[in-house]
Structures are given as C-alpha cells and as structure tokens.
Amino acid sequence: MYAVLALIVGVAVGLLVHPTVPEWLAPYLPIAVVAALDAVFGGLRAKLDNIFDAKVFVVSFVANVLVAAFIVFLGDQLGVGTQLSTAVVVVLGIRIFGNAAAIRRHIFKA
Amino acid sequence: MTDAPVGPDPQPPTRTRWSGGGAHVLIAALCALLGFAVVLQVQRTAAGDTLAAARPDDLVQILDELQRREDDLNSEIAGLQESLGRLQRSGDSSEEALAEAQRQSAALGILTGTVPATGPGVSIVIADPDGRVPPEVLLDAIQELRNAGAEAFQVGPVRIGVDSAFTGSGGAVVLDGRALTAPYTITAVGDPPTLAAALAIPGGVLDTVRRAGGTMDVTQSDRVTVDALRQPREPLYARPAQ
C-alpha cells in the first residue's frame, strides 16, 4: 500500500516540479520506465502469490532498468538502437501482460 | 550495483533482514521514482519535442524522408509549371488563331456582302428620266468600278455579291429579283479618284448613260457606307477540300 502511495507521490512531484530531462538520459527514459513497470507488475504478482521478496523486487527493479538502458545504449552504439528499443519494449510488454494476467486471475479468480 | 542496498552487512540476505523498514523505504523510493519518471516521459512526449531527443539514426531517417518528399513535391511543381506553360502557350496560339479567323471572316464578309463596309469611295446617281437606261449599263458601271478596284458596292438597297445579276429591261431594271427605280444610286468603296476616272473614260458608262438620255453624278467622298447586306448562302454541293 505504501508503494502505491509512493507512486502517487512521485507522480505528484513530477507534475509539480516540471523537471527537464537531461539530454543523455532522454533516449533511455522510456525504456527504463517500461522496464520498471515490468518489475512493479512482477512484484505485485509475487505479493499476491505471497512470495514477495523485497530484495528480489529491488534488485529486479534496478537490474531491469539498467539492463534495458544498457541494451538501448548498446543498440545506439551498434546502429540498431531503434530496433533494439522495439525489441525490449516488445519483450517487456509480453512480460507485463503475463504478470497482469496472473494478477487478474488472483483478483477476479478468472 | 545490486550490492548497494545491501548495506555494510555482508551477511547472506535473508527475508528477515530485508523485511525491515529500510526495505520499505527503498521500495517506496523506487515506486516514487517510477511515478516521477512516468510523468516526466509523458510530459516530454506531450510537449512534442521528440525530435530533440530522437536518435541520430532516426533523425537521419526522418531527414531522408523529408528530402524524398521535398524531391517529390519539387518534381510535381516542375510538372505542373510545365503544363501551365503549355496551356498558356496553347491559349496564346488559340487566341492568335481566333484573331486570324476573325480577320478572315471580316474580309470574306466584305467580299460576299454579309457585313457592312465603310471607307473612302464614290456615290453615283444615275437619273433616267426617259426610262431607257438598260440593265447592261448598270452592269457595266459595276464592272468598271470593280476593275478600278472597288471592294464593296450596293445599288439602291441591294448589296452586290458574287452572284448578283441585273435583269429586266430599260426603265424596269431588276437586281437579284428586286425591282430598282430610277434614279439609281450606286455606292462603292474604293479609291475615289480612280473610281471616278473609271466611269468617265470616253465610250464608258458616262457616255452610254448620256446616249440613253440620262445623267450621271459622281460624288467622291472620304467616307461612304455600304450597309445593305446579303444573306450568306450555304453551298449545296461544294465542300472545302482536304
């Protein structure tokens, strides 16, 4: 529950502060967000499965974000940044859908 | 990097150690960061300033696309300008053709008597008190005028055309089916002195009229008007060759 509150606080801070994204971060931000969303959905599913581990969540969150950013960075260096970004988004999207399906089964039993 | 939150304690991570308040704070911070980042990205996307953050590859692709489109549009412009020029040229030439056709139509109209004609010329009045001037005299007068370069004539109310014919007899001259009454008035467009001289040659029209007991007055004028018209005749059989 505090996680949801923190999420809301983050959104509110973002809305109030109107920060500007640094140039070097701009290409990685969308991918990082998607990766973090994947971690959050995974954590939510684990919570519902009663196997939630704070360490796993934190590590997976940070690792997801870093790996996603690294893949995009690598793709940019290799000249296939757009394609790799698409690939990362697709894979993460599939995972998010899978987790969302598990969560749905838990909540609605369907 | 994953070691960072572990802290100074290198113990194997256990559930108990991670379930403390620190872990909660960490998770809350990460969630807050996620919300913050989401808002950041959404705002950035909504601002439409995506080009500034786009990758060089994408920019090159977009630039290529734009240049291709520009090329397409340029060639389209060139094609349209070419067709515009073509249409303007053909418009000019058709205008010229129209003017030429109108000139020809005017010339032919004067020749065939379908349009009024005006210009320098002579007015001739042939009085025939005895009724003895025959149609041949009027025909001679027309022939002489034509030889002298007259370009349009009318006798009384009748325009002379290519198929005009004097018939009847002295005192009852008929021109193209219309009876003429003396005095006969002939109007001719041409060079006035030449026309007058042509009628006055010895043994010519003037003498003939006098012999028949009539008189002839020739008035030279800078401007006479031949305004009697003939109906244009559609040829029944003849068609333009070619």
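Predicted model only: the values in this text are computed from it and were never measured.

1. Some thoughts on the overall build of chain A
- Summing up its helical and strand segments, chain A has four helices and zero strands in all.
- Across the 110 residues of chain A, 32% fall into the buried class.
- Residue pairs at least 24 apart in sequence account for 67% of intrachain contacts in chain A once pairs closer than 6 positions are excluded.

2. With respect to the overall build of chain B
- On a plain count of helices and strands, chain B comes out with seven helices and eight strands.
- Among the 242 residues that make up chain B, the fraction classed as buried is 24%.
- Sequence-distant contacts, at least 24 apart, represent 81% of the contacts inside chain B between residues at least 6 apart.

3. Structural notes on the sheet that holds strand E7 (residues 184–189) of chain B
Residue and element names in this part refer to chain B.
- Across the sheet, five strands lie side by side as E3-E2-E7-E1-E8; this open sheet has antiparallel pairing. Edge positions in the open sheet fall to strand E3 (158–159) and strand E8 (215–226), since each of these has one partner strand only.
- Relative to E8, strand E1 (residues 117–127) runs antiparallel, the two sharing 10 bridges. Directly across from serine 123, in E8, lies its bridge partner threonine 219.
- Of the strands in this sheet, E1, E7 and E8 touch helix H6 (residues 192–200), which is tilted by about 25° from E1.

4. Observations concerning the interface of chain A and chain B
- Across the boundary between the two partners, chain A contributes 35 residues, which contact 29 residues of chain B.
- Mapped by element, the contributors of at least two residues to the side of chain A that touches chain B are helix H1 (2–17), helix H2 (29–48), helix H3 (54–78) and helix H4 (81–108) of chain A.
- When residues in the side of chain A that touches chain B are grouped by element, the largest group, 11 residues, is from H1 of chain A.
- The class makeup of the residues in the side of chain A that touches chain B is 27 nonpolar, five polar and three charged.

5. A short note on H2 of chain A
All names here are of chain A.
- End to end, H2 covers 28 Å across 20 residues, agreeing with the expected 28 Å (1.5 Å per residue, within 8%).
- Within H2, 14 of the 20 residues are buried, which leaves the element mostly enclosed by the surrounding structure.
- Trailing H2 by a residue or two, asparagine 50 shows a phi angle of about 60°, which is positive.

6. Overview of unusual backbone geometry
- The backbone of asparagine 50 of chain A shows a phi angle near 60°, a positive value even though the residue is not glycine.
- Considering the arrangement of structural elements, one finds asparagine 50 of chain A in the loop between H2 and H3.
- When the 6 C-beta atoms within 10 Å are taken as the criterion, asparagine 50 of chain A is described as exposed.
- A positive phi angle is found at aspartate 176 of chain B, which is not glycine, with a value near 55°.
- By the secondary structure assignment, aspartate 176 of chain B is in the loop between strand E5 (172–175) and strand E6 (178–179).
- The exposure class of aspartate 176 of chain B is partly exposed, given the 16 C-beta atoms found within 10 Å.

7. Remarks on H6 of chain B
All names here are of chain B.
- Among all positions of H6, only Pro192, Leu195, Ala198 and Leu199 are buried. Taken down its axis, H6 places every buried residue within 130° of arc, on the same side.
- For H6, the secondary structure elements touched by its buried residues are E1, helix H5 (135–147), E7, helix H7 (205–211) and E8.

8. As for the sheet that holds E5 of chain B
Residues and elements named next belong to chain B.
- In spatial order, the strands read E4-E5-E6; together these three strands make up an open sheet with antiparallel pairing. Pairing within the sheet leaves two strands with one partner each, and these edge strands are strand E4 (166–169) and E6.
- Where E5 lies against E6, two bridges are found, and the strand directions are antiparallel. Residue pairing in the sheet places leucine 175 in a bridge with arginine 178 of E6.
- Its contacts with the sheet place H5 against E4 and E5, and it is angled at close to 155° to E4.

9. A word on the confidence of the model for chain B
- Summing up the model confidence of chain B, the mean pLDDT is 82 and the portion of residues at 70 or higher is 89%.
- Taken together, the chains of this predicted complex give a pTM of 0.44 and an interface ipTM of 0.80.

10. Focus: the environment of valine 58 of chain A
Residue and element names in this part refer to chain A.
- By the element assignment, valine 58 lies in helix H3.
- Looking at valine 58, the number of C-beta atoms within 10 Å reads 22, which means it is buried.
- C-alpha of valine 58 to C-alpha of valine 40: the two residues are 18 residues apart in sequence and 9.5 Å apart in space.

11. Some words on the pairing of E5 of chain B
Residues and elements named next belong to chain B.
- Residue alternation in E5 divides its side chains into a buried set, Val173 and Leu175, and an unburied set, Ala172 and Val174.
- Alignment of E4 against E5, held across four bridges, turns out to be antiparallel. Note that in E5 the partner of phenylalanine 166 across the bridge is leucine 175.
- The antiparallel hairpin formed by E4 and E5 contains two residues in its connecting segment, where glycine 171 sits at a positive phi of about 85°.

The rules we used
- Residues numbered from 1 in each chain as written.
- Chains lettered and ligands numbered in written order.
- Predicted model: local features only at pLDDT ≥ 70, side-chain atom pairs only at ≥ 80, totals over all residues.
- Helix = DSSP H or I, 4+ residues; strand = E, 2+ residues; numbered from the N terminus.
- Buried ≥ 20, exposed ≤ 12 C-beta atoms within 10 Å, placed from the backbone.
- Contact = placed C-beta atoms within 7 Å.
- Pairing = 2+ DSSP bridges.
- Axes fitted to C-alpha atoms, helices over the stretch in contact; angles between N-to-C directions.
- Nonpolar A, V, L, I, M, F, W, Y, C, P; charged D, E, K, R; others polar.
- Expected span 1.5 Å × (residues − 1).
- Arc of directions from axis to C-beta.
- pLDDT = per-residue confidence, 0-100.

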